[in-house]
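Per-entry structural report
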Amino acid sequence: LENGGGASLLLGDVASALFQRVGFADGARLELEFRAPAAPVASVRAEVGVRVAGAAVPATASAAFAFFDDSISITCPLCAGSAAAPPLLEVSITNFRLSLSVAALDQVQVSFGTLPAASVTALASNATHTRLLIRPPPYTCASCAFEAGSAPVALLISSKSDVSRRASAPYVFWRAPVLVSAALDASGTVLLLTADQPSNRASMTAHHSSCALALAPASLPSLGAAPRCSWRSDAVLSVTLDAGASVMPGDTVTFLPGAVRSKNGLSLPSAASARVDAPPFPVAPSLSVSGTDSVDPCSELVVNARASSPRALAFSWRAIDDDALQIVLSGLTSSTLWLAPGTAELTTPGKTYWVAVRATNFLGAASEEVMFAFTKLTTPAPQLTFSPPSLTVSRSGFVRLRANTFFSKCGGAKESIVFAWSQVAGPSSIPAQFLANNAAQLNFPAASLTAGGTYEILVRISIGGDPTRGSESRYKFTVQYQPLQARIAGGTALLASNALPLLLDASASCDPDDLSGASGALRFAWACSVAFSGVASACRDQHGARLAMNATAVLTVPALALNPSDGSPYEFSVTVSKGDKAPALTSMPVTLVSEPVPSVVLSSPSGSVQGGGEIMVNAQDMLVITAECDTTAAYAIEWSFSPPIDLGGISADQDTLYLPADSALLMPGNSYTVTSSCATKGVVGSAALTLLVNAPPVGIPCAACLLGAVGCSKVGAPVFSTFRLACERWADPDAGLAYQFGFAGTFDGEAREVVFDWNSDAFVDLILPSGIISMKARVRDKYGAATPWMLDTVTISSSSRRRLLALPP
């Protein structure tokens, strides 16, 4: 061996050993030392070869050989459990033989982090494996720290006789979900409950909305008559408050015992409570005031202050430069200033009176003070009011305005009225054809008006065609600026291949005030980030340089410029700017894979696109989503919803998903992720689109009451009685409420029904003929989610008697 010979050891097909030295040799016996390589556990054939210098053929010998694992390791089917009451844990530990005749705790130490096990029992033990049954300790100590509901610790098993013989494995304690916040939204219509971890959603599906499934009975009464609960995510429960809600900041809400657990089901049920927080920036009421700008000697005065609010508003009124009227107003806290016919409180005929009113909501947010003027006339004259009392529109909307005329109650024949409209002021001229209208209503598109401008118009009425008999009034409305809209086509999340170019198209971004549709004046700035261990950093290409991005509407990322995603998607964002307008930003998460998957682009003509690319849809409306799969090969598209819904019987062809109107598949208040997967040539690309299902407004049922009567009277006299059909305390997180009213009855022996157009007035005043009149109302938000019709009945009888108050409550 020393003169050109050698030795070798082949260990089956696994590996070869490295010859070290000759351990012993006496001519009859040879002892060789080899260094065995690392190899998997296996039984192999060992073949030793010895070649002596000068020998033509080496001498060989073979024997059985086994690689075995002598390390001590722990395995368990589920190394996790409840923190408060952890279940028994069965573990297997290798190469850790114990005596079954001696108590296990006399032989081993078992700990979970710093806490010792409550009990340990040896179930079986041999030379290779030992099975232990362990009861973990409760992990409820003051220093026991949790993050997102979990506390990972080390399960450590060591020998008491030889502490170097030890093994550890990760074990996770799960505590019951804890409510970290309960906060009212800025409008006071939604209560958001946020847990510290993803939960099982109280076992609620997308078709469950009863708050009794998630909240304790004691928490329900303050949420209103029929509050709706839906999970925005596994950790966030949204409670839409209903009519009669009384929950206030400082109140407590509690999970229903036994309902809410950790998402994996390992924790005990939660009975967590949280104090309700006020919103940091509550929305102040947007107050409008309406009424006649004059009152004659025989008429009553009605001035209405209105604001959308889910709870009763507190109103404060004051008179400006009139002490007698101030005495009347000093105690008025309702929304209506009503003075009886004759208006004795207005002591100076011919004087123009000014009043001011402010509204404060239950969150303490106060409106701007609004002033209103009216003149006490010395002679009978018709009165004019406007519906709506104030108006703000955008260039994509319509100017809808109605002048309401009331004849004097001093008597006299009621003759025909002719209206004449004209423009008084404004940054541009209103097209003449829009004002050439002798009727009481204006209805024209605002596209020709100037954004940011305030317009003033004048309406003159003449009685019986005589221009000398009548009155006039002025009205102002504002055309507001609309914010820029940033859009990235394709959905709200994409799965794509880094082996192919990535195209992100923001050309649908726009300035809604620019009705030409041109996007040339828009500027685009793209950015890309990716999170590592929760920390976001700029995207870098495969050479380590920052990803280069062009400042155009369409961003093209070259093939192989980015590595496949590693746990977190790439977050692409685009900022759209134009002139002095505030920039708009939207983003798109993109997960890149190495396989050449086809790109999928989702689009939908349904609903309204939100700032993050989500689609706001109404549950009762038709939904259409189209998928485009970028491949020339045969492909198959599959659709899925999360949370899942039953798509059985729903039309979904190769490229289009269609949910018919009134399908009852989408629950108002919930959000859904729709995913379209395109499979071709053994690979699958996909895109996702988030749907926000709009919920209708909430409030107390609309009702009709005799104006000026004690309480809410449902009986009045024909001609002289005014009934107000009003929708009080209605609100919606999306604001922009509109109301529709109607009535039906038998008049002159004929059944008739009248339904008015939608408008922003929360009430309508009606003078009705004799009979039993059925009245109805409904409310919708700016996205079109409407309540069912609400019904009420009044009786008009010539024998009725009115009881009037100078100031109704």
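Parameters at a glance
Think of each chain on its own: its residues are numbered from 1, step by step along the sequence as written. Local features in this predicted model are restricted to residues whose pLDDT is 70 or higher, and side-chain atom pairs enter the listing and the counts only when it is 80 or higher, whereas totals over whole chains, interfaces and linings include all residues. To get the side-chain values, all heavy atoms of the structure are used, and hydrogens and water are removed first. Put simply, DSSP marks the helices as runs of H or I at least four residues long and the strands as runs of E at least two long, and each gets a number from the N terminus on. Contacts: residue pairs with any heavy atoms within 4.5 Å of one another. Working definition of accessibility: Shrake-Rupley area with a 1.4 Å probe, residue cover restricted to the visible protein chains. Under this rule, positive means Lys or Arg and negative means Asp or Glu; His and the chain ends count for nothing. By convention, the charge on Lys lies at NZ, on Arg at CZ, on Asp at CG and on Glu at CD. Whether a residue is buried, partly exposed or exposed follows from its accessible area with a 1.4 Å probe, protein chains only, as a fraction of its type maximum: under 20%, in between, or over 50%, in that order. Only when DSSP finds a minimum of two bridges between them are two strands counted as paired. Any residue with relative accessible area above 30% and no salt bridge may belong to a patch, with like charges joined within 9 Å and the nonpolar Val, Leu, Ile, Met, Phe, Trp and Tyr side chains within 5 Å. Salt bridge, as used here: a side-chain nitrogen of Lys or Arg that lies within 4 Å of a carboxyl oxygen of Asp or Glu. We define the nonpolar core as a collection of buried residues of types Ala, Val, Leu, Ile, Met, Phe, Trp, Tyr and Cys that are connected through side-chain atoms lying within 4.5 Å of one another. When the centres of two rings from Phe, Tyr and Trp lie within 6.5 Å, Trp using its six-membered ring, the rings pair. Their planes under 30 degrees apart give stacked, over 60 give edge-to-face, and anything left gives tilted. A ring has a charge above it when a Lys NZ or an Arg CZ is no more than 6 Å from the ring centre and no more than 35 degrees off the ring normal. The pLDDT value tells you how sure the predictor is about a given residue, anywhere from 0 up to 100. Criterion for a disulfide: a pair of cysteine sulfur atoms within 2.5 Å.

So, on to the overall build of the chain. A tally of helices and strands in the chain yields two helices and 58 strands. Taken over the C-alpha atoms alone, the chain extends approximately 145 × 60 × 50 Å along its principal axes. Look at the contacts in the chain between residues 6 or more apart in sequence, and 62% of them connect residues 24 or more apart. Here the chain has roughly 38400 Å² of accessible surface; of this, 55% comes from carbon and sulfur atoms. The average position of the 51 basic charges and that of the 60 acidic charges among the side chains of the chain differ by 5 Å.

The next point concerns the pairing of strand β1 (residues 6-11). Only one face of β1 is buried: it carries Ala7, Leu9 and Leu11, and the other face, with Gly6, Ser8 and Leu10, is open. Two elements, β1 and strand β2 (residues 15-25), share three bridges in a ladder whose sense is antiparallel. Its bridge partner lying in β2, Leu10 is registered against Ser16. Following β1, the chain reverses through three residues before pairing antiparallel with β2; Gly12 in that reversal takes a positive phi of roughly 60 degrees.

Quick look at a nonpolar patch on the surface now. There is a patch of nonpolar side chains on the surface, built from Val719, Phe720 and Ile767 and spanning about 300 Å² of accessible area. As for its placement among the helices and strands, Ile767 is situated in the loop between β56 (763-766) and β57 (771-780). In this structure Ile767 comes out as partly exposed when scored by relative accessible area, which is 46%.

Let's shift gears to the nonpolar core. The biggest cluster of nonpolar side chains holds 55 residues, and the ones touching the most others in it are Phe572, Leu666 and Leu691. Within the second largest apolar cluster, 28 residues are counted, among which are Cys79, Ala117, Leu132 and Cys144.

Scanning the entire structure with this criterion turns up 15 aromatic pairs. Centre to centre, the rings of Phe743 and Phe756 are 6.3 Å apart; their planes meet at 45 degrees, and the pair counts as tilted. Residue Phe743 is found in strand β54 (residues 738-747), and its partner Phe756 is found in the loop between β55 (750-755) and β56; the two are separated by 13 residues along the sequence. Sitting over the ring of Trp789, Lys776 keeps its end group 4.2 Å from the ring centre.

Mapped onto the secondary structure, Asp513 falls in the loop between β36 (502-505) and β37 (523-532). For Asp513, a relative accessible area of 7% translates into the label buried. Dropping the residues within four chain positions of it, Asp513 is found in contact with Arg395, Ala451, Gln480, Tyr481, Gln482 and Lys581.

On the secondary structure map, Arg275 appears in strand β20 (residues 273-277). For the pair Arg275 and Asp251, spaced 24 residues apart in the sequence, the C-alpha separation amounts to 5.5 Å. Not counting residues up to four positions away in its chain, the partners in contact with Arg275 are Ala182, Gly250, Asp251 and Thr252.

Scored by pLDDT, the chain comes out at a mean of 89, with 97% of its residues at no less than 70. Per-residue pLDDT stays below 50 along residues 801-809; that stretch engages in 25 contacts with residues further than four places along the chain or on separate chains.

Our next topic: the sheet that holds β55. Strand order in the open sheet formed by five strands is β52-β58-β57-β54-β55, with mixed pairing between adjacent strands. Bordering the open sheet on either side are β52 (715-716) and β55, each of which pairs with just one other strand. One ladder, built from seven bridges, connects β57 with strand β58 (residues 790-796); its direction is antiparallel. Bridge pairing in β58 places Lys776 opposite Leu791.

Attention now moves to the state of the cysteines. Scanning the entire structure with this criterion turns up seven disulfides. Put simply, Cys629 and Cys678 are joined by a disulfide, and their sulfur atoms are 1.8 Å apart. An S-S torsion of about -80 degrees defines the bridge between Cys629 and Cys678 as left-handed. With a gap of 49 residues between them, Cys629 in strand β45 (residues 623-629) and Cys678 in strand β49 (residues 671-680) connect regions that are remote in the sequence. Across the pair, Cys678 and Cys629 agree in class, each one buried. Here Cys702 connects covalently by a disulfide to Cys727, the sulfurs 2.0 Å from one another. With the S-S dihedral at roughly 110 degrees, the linkage between Cys702 and Cys727 falls on the right-handed side. Remark: Cys727 occurs in the loop between β53 (723-726) and β54 and Cys702 occurs in the loop between β50 (683-694) and β51 (703-706); sequence separation between them is 25 residues. Across this residue pair, the class does not change: Cys702 and Cys727 are buried.

Attention shifts here to the pattern of salt bridges. On inspection of all chains with the given rule, the structure shows 17 salt bridges. Between Glu90 and Arg131 there is a salt bridge, with its nearest N and O atoms 2.8 Å apart. Placement of Glu90 in strand β8 (residues 89-94) and of Arg131 in strand β12 (residues 129-135) is noted, with a sequence separation of 41 residues between them. The class of Glu90 is partly exposed, set by a relative accessible area of 36%. With a closest N to O distance of 2.9 Å, Asp511 and Lys578 form a salt bridge. Placement of the pair is Asp511 in the loop between β36 and β37 and Lys578 in the loop between β40 (570-577) and β41 (584-593), with a sequence separation of 67 residues. Owing to a relative accessible area of 8%, Asp511 belongs among the buried residues under this scheme.

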